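# Report on the structure
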Amino acid sequence: MPPWSTIETIMFDMDGTLLDLHFDNFFWLKMVPQCYAKIKGITNKEAITIINSKYRQVYGTLNWYCVDYWEKELQLNITKLKIEISHKILVRPNALKLLSELQLLNKKMLLVTNAHPRDFEIKARHTGISKFFYKCISSHQLNLAKENLGFWRELQKFAPYDAEHTLLFDDSVEVLQQAQREGIKYLYGIKQPDSHGPALKNSEFPLIEDFGHIIP
Ligand SMILES: [Mg+2]
């Protein structure tokens with residue numbers, strides 16, 4: 001149980017934390033290669049090889065999360081394709097319940113995502129999660145990904161917080177490690193970010209299995 005009474009600011013990641021990462025994995029690993037194969041007249045297997053190498057080139061950078069970058073790189077209308085399958089966007093179990101309980105405690109709640117603003121908009125519209133936050137910040141506004149050096153210091157300019165009294169939930173270990181280096185005190189990972197994927201066995205950070213277990 002996080003020490004709720006000492007925490008003033010609570011930061012939530014979106015994909016894989018509040019929302020089931022299955023949507024994104026399905027989209028990028030299945031749907032995008034299929035569409036790419038179709039427009040290029042190649043097999044699915046060939047498309048997967050090409051696209052995986054494109055993914056690797058920008059992994060860990062802001063471009064990896066950038067809709068504009070991928071629309072240009074793959075010649076696909078990423079936004080339109082995402083809207084087509086937006087019914088697959090799901091909130092993780094008890095996430096809404098935790099958000100509404102924390103709101104009652106008057107905590108300063110921030111959504112901090114690497115998702116591109118257009119991607120965020122689709123997900124926010126579909127799930128209604130943005131109403132719980134006093135600010136929703138996309139790393140594209142800071143021109144740095146959350147796992148990049150300096151992101152968490154730069155974030156202070158957009159939403160000032162006291163790192164000693166701040167908690168971050170994020171399914172990315174790289175993001176949690178960077179936040180730790182920049183002084184954020186309470187850090188929690190997610191045990192199974194994709195409901196169809198494997199659960200993490202162990203981690204240097206405590207892992208949340210179900211948000212229902214930590215409702216204050
Ligand atoms: Mg995430």
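Everything quoted here is computed from the prediction, not taken from an experiment.

Our next topic: the overall build of the protein. Looking only at helices and strands, one finds nine helices and six strands in the protein. The C-alpha atoms of the protein give a radius of gyration of 17 Å, which matches the 17 Å a tight globule of 216 residues would have. With respect to the three principal axes, the spread of C-alpha positions in the protein is 60 × 35 × 30 Å. Split into buried and exposed, the 216 residues of the protein put 35% on the buried side. Across the protein, every contact between residues at least 6 apart in sequence was considered, and the portion connecting residues at least 24 apart equals 65%.

A separate point is the sheet that holds strand E2 (residues 108–113). The parallel open sheet is built from six strands, whose spatial order is E3-E2-E1-E4-E5-E6. Across the chains shown, the open sheet's two edge strands, defined by having one partner strand only, are strand E3 (135–138) and strand E6 (207–208). With four bridges joining them, E2 and E3 adopt parallel strand pairing. For Leu-111, the partnering residue across the bridge sits in E3 and is Cys-136.

Turning next to the domain arrangement of the protein. Taken domain by domain, the protein comprises domain 1 (4–20 + 90–214) and domain 2 (23–87). Distance from the C-alpha centre of domain 1 to the C-alpha centre of domain 2: 25 Å. Of the residues lining the interface, 20 residues belong to domain 1; the matching set on domain 2 comes to 13 residues. By residue number, the principal contributor to the side of domain 1 that touches domain 2 is helix H6 (residues 117–127), which donates four residues. Split into classes, the residues belonging to the side of domain 1 that touches domain 2 amount to six nonpolar, seven polar and seven charged.

Another aspect to go through is helix H1 (residues 22–40). Side chains three or four residues apart in an α-helix point the same way, a direct result of the helix having 3.6 residues per turn. Between the first and last C-alpha of H1 there are 26 Å, a value that for 19 residues agrees with the 27 Å anticipated at 1.5 Å per step. Of all the bends in H1, the greatest, near 30°, is centred on Met-31, and the proline Pro-33 appears no more than four residues after it. If you follow the buried residues of H1, they end up packed against helix H2 (44–58) and helix H3 (67–74). Following H1 by one or two positions, Gly-41 adopts a phi angle in the positive range, close to 65°.

Moving on: the packing of H1 against H2. Here H1 crosses H2 at 110°, and the two axes come no closer than 8 Å. For the element pair H1 / H2, the angle class is roughly perpendicular. Here the hand of the crossing between H1 and H2 comes out right-handed. For the pair H1 and H2, contact is made by Val-32, Pro-33, Gln-34, Tyr-36, Ala-37 and Lys-40 and by Asn-44, Glu-46, Ala-47, Ile-48 and Ile-51, respectively. Its residues assigned to classes, the contact of H1 with H2 comprises seven nonpolar, two polar and two charged.

We now examine the environment of Thr-127. Take Thr-127: it is sitting in helix H6. A tally of 18 C-beta atoms within 10 Å means that Thr-127 is categorised as partly exposed. Between the C-alpha atoms of Thr-127 and Val-91, which are 36 residues apart in sequence, the distance is 7.0 Å. Dropping the residues within four chain positions of it, Thr-127 is found in contact with Leu-19, Ile-89 and Val-91.

Before going further, it helps to spend a moment on unusual backbone geometry. A negative phi holds for most residues other than glycine; trans holds for most peptide bonds. Its identity as a non-glycine residue notwithstanding, Gln-75 has a phi of 55°, on the positive side. Examined against the element boundaries, Gln-75 turns out to sit in the loop between H3 and helix H4 (78–84). By the C-beta count within 10 Å, which is 11 here, Gln-75 ends up exposed.

What counts, and where the lines are drawn
Residues numbered from 1 in each chain as written. Predicted model: local features only at pLDDT ≥ 70, side-chain atom pairs only at ≥ 80, totals over all residues. Helix = DSSP H or I, 4+ residues; strand = E, 2+ residues; numbered from the N terminus. Rg over C-alpha atoms; globule rule 2.2 N^0.38 Å. Buried ≥ 20, exposed ≤ 12 C-beta atoms within 10 Å, placed from the backbone. Contact = placed C-beta atoms within 7 Å. Pairing = 2+ DSSP bridges. Domains from an automatic or database assignment. Nonpolar A, V, L, I, M, F, W, Y, C, P; charged D, E, K, R; others polar. Expected span 1.5 Å × (residues − 1). Bend = angle between axes of the 7 residues up to and from the residue. Axes fitted to C-alpha atoms, helices over the stretch in contact; angles between N-to-C directions. Parallel < 35°, antiparallel > 145°, perpendicular 65-115°, else oblique. Left-handed = near helix turned anticlockwise from the far one by under 90°.

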